[in-house]
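Summary of the model geometry
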Amino acid sequence: DVKVTQSSRYLVKRTGEKVFLECVQDMDHENMFWYRQDPGLGLRLIYFSYDVKMKEKGDIPEGYSVSREKKERFSLILESASTNQTSMYLCASSPQGYYGYTFGSGTRLTVV
Amino acid sequence: AQSVSQHNHHVILSEAASLELGCNYSYGGTVNLFWYVQYPGQHLQLLLKYFSGDPLVKGIKGFEAEFIKSKFSFNLRKPSVQWSDTAEYFCAVSGAGGTSYGKLTFGQGTILTVHP
């Protein structure tokens, strides 16, 4: 079974802190994605990566950056956390040429 | 830009009732379509997908969906729901090829509550 592991299930951070959310997949997938999930808004794409060191902005990239130094790991960075970034963050991966994701369990981030 | 619209935010049914959740999409090209489910406290799981061929697709747990190209719709159905179907359901679309990299655009989600 493909596994996508997010390092933290719950996280509480202070406004202005730099926050790192980590995601690791174990099936050699090329594509990795970061979404945020908010009630009534569904899932919105923040950033995605289709190869090591490659990244593309999604629909809501403002206030976020990403890093993909190794194929299996995709990090989401909140440069200066704000209260409106309180959300559930979901990581997903998929192999090249196949359309459909495997999701991680999510990180519920609260910014106070 | 592609978009997905789910008609109902919250649907409440009794066990054994029939279910239909609406999903419409907007995309200027060939699409792949998905329904995902999120049970309380669990991660998102794939229910079913449509890539091509028979527009009526069957998924896990007795769910099915019909792709109607002329209506840009991909509605989810189940003839008889169970209490264990209580979950949030998400419709999603991706472009079929090119430089889409398979990235999915999701709808707003529909919460389904099934009473015993």
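Below, the structure is looked at part by part. (Residues numbered from 1 in each chain as written. Chains lettered and ligands numbered in written order. Predicted model: local features only at pLDDT ≥ 70, side-chain atom pairs only at ≥ 80, totals over all residues. Heavy atoms only, no water.)

1. Details of the pairing of strand E9 (residues 73-78) of chain A
All names here are of chain A. The buried count for E9 comes to five of six residues, which makes it a mostly enclosed element. Pairing of strand E3 (residues 19-21) with E9 involves three bridges; the strand directions are antiparallel. The residue bridging Leu 21 from the neighbouring strand is Leu 76, located in E9. Note: strand E8 (residues 64-70) against E9, five bridges, orientation antiparallel. (Buried < 20%, exposed > 50% of the residue type's maximum accessible area, 1.4 Å probe, protein only. Helix = DSSP H or I, 4+ residues; strand = E, 2+ residues; numbered from the N terminus. Pairing = 2+ DSSP bridges.)

2. Structural notes on the state of the cysteines
Per the counting criterion, the structure on display carries two disulfides over all chains. A:Cys23 shares a disulfide with A:Cys91; S-S distance 1.9 Å. Negative torsions about the S-S bond denote left-handed disulfides, and the value of about -75° found for A:Cys23 with A:Cys91 makes this one left-handed. Of this pair, A:Cys23 sits in strand E4 (residues 23-25) while A:Cys91 sits in strand E10 (residues 87-94), and the two are 68 residues apart along the sequence. Taking the relative accessible area as the measure of exposure, A:Cys23 reaches 0% and is therefore buried. For B:Cys23, the disulfide goes to B:Cys91, at an S-S distance of 1.9 Å. Between B:Cys23 and B:Cys91 the sulfur-sulfur dihedral comes to about -70°; the bridge is accordingly left-handed. Of the two residues, B:Cys23 is situated in strand E4 (residues 23-26) and B:Cys91 in strand E10 (residues 87-95); the sequence distance between them amounts to 68 residues. (Disulfide = S-S within 2.5 Å.)

3. What to know about the layout of surface pockets
The calculated volume of the largest pocket comes to roughly 370 Å³. Around the largest pocket sit 21 residues that line it, and A:Gln37, A:Met88, A:Arg108, B:Gln38 and B:Glu88 are the ones nearest its centre. Sorting the residues of the lining of the largest pocket by element identifies strand E5 (31-38) and E10 of chain A together with E10 of chain B as the ones contributing at least two each. It is E10(B) that contributes the most residues to the lining of the largest pocket, three residues altogether. Taken together, the residues that form the lining of the largest pocket break down as seven nonpolar, ten polar and four charged. By volume, the second largest pocket amounts to about 280 Å³. Lining the second largest pocket are 17 residues, and of these A:Asp59, B:Gln2, B:Ser3, B:Thr105 and B:Phe106 lie nearest its centre. Broken down by element, the residue count for the lining of the second largest pocket peaks at three residues, all from strand E6 (residues 42-51) of chain A. (1 Å grid on protein atoms, 1.4 Å probe; cavity = no way out; pocket = protein on both sides within 12 Å on 5 of 7 lines; lining within 4 Å. Points joined across faces, edges and corners; volume = space filled by probe spheres on them. Nonpolar A, V, L, I, M, F, W, Y, C, P; charged D, E, K, R; others polar.)

4. Let's talk about the side chain of B:Gln38
In this fold, B:Gln38 is placed in strand E5 (residues 31-38). Among the residues examined, B:Gln38 registers a relative accessible area of 15% and is labelled buried. One polar contact links B:Gln38 to A:Gln37, side chain to side chain, over a distance of 2.8 Å. When residues no more than four places from it in sequence are discounted, the contact partners of B:Gln38 are A:Gln37, B:His43, B:Leu44, B:Ala87, B:Glu88 and B:Phe90. (Polar contact = N/O pair within 3.5 Å; in protein donor to acceptor, adjacent residues only side chain to side chain. Contact = heavy atoms within 4.5 Å.)

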